[in-house]
Amino acid sequence: MEINVYGTASKKLKTELSEAAEFFARCLMHRRMVDNIELDIEIENKLDVQGLCINEDDNRRSRFFTVQLRKDASADEMIQTLAHEMIHVKQYAKNEHVKKHLTTKGGLKIQSYWLGKLWKPIKDEVDYYDSPWEIEAYGREVGLMHRWIRHKEKA
């Protein structure tokens, strides 16, 4: 796995984020898949969310990703957000979550597919929190953090 960290001069933070990203990826994906992923981690000043995962090549064999993290977050918060965003990396890399961009008369429309099926919120569901990819990411980030903490204690 090739990992680049941008937006901080701290070698300690760069190392910790790189090690955590590699650890999370290896917990979530097969070794061969992880070995072919290129990940840029960008620490951003003007991010209005905790983190973002961007699928840079957006195709069936996506292997290039960018994770953005808030600069004003603590190192522990960044790592927890990284755990969440690495679940999205896994979802894109394994084609579990696919976004299709459609041009319509009203402009650009994005359709999200989960496990091969078009996903739309039902009734009172909220696009973000009720989407299956966010349910998985929020649910699994806690377990990944526990595993990361145990891994660090053993080292």
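Going by the structure above, here's the rest.
Please read these numbers as outputs of a predicted model, since none were measured by experiment. (Residues numbered from 1 in each chain as written. Predicted model: local features only at pLDDT ≥ 70, side-chain atom pairs only at ≥ 80, totals over all residues. Heavy atoms only, no water.)

1. Some details on the pattern of salt bridges
Filter applied, for reference: The rule for a salt bridge is simple: a side-chain nitrogen of Lys or Arg has to be within 4 Å of a carboxyl oxygen of Asp or Glu. A 1.4 Å probe rolled over the protein chains alone gives each residue an accessible area, and that area as a share of the maximum for its type sets the label: buried under 20%, exposed over 50%, partly exposed in between.
Overall, the coordinates contain 8 salt bridges when judged by the stated rule. As a salt-bridge pair, Arg 70 and Asp 72 come within 2.9 Å of each other at their nearest N and O atoms. Classification of Arg 70 as partly exposed rests on a relative accessible area of 21%. On the basis of relative accessible area, Asp 72 is assigned to the exposed category, the value being 60%. A salt bridge links Glu 96 to Lys 90, with the nearest nitrogen and oxygen atoms 2.7 Å apart. For the pair Glu 96 and Lys 90, a shared accessibility class is recorded, and that class is buried. What emerges from the salt-bridge pattern is a single network uniting Glu 22, Arg 26, Arg 31 and Asp 35.

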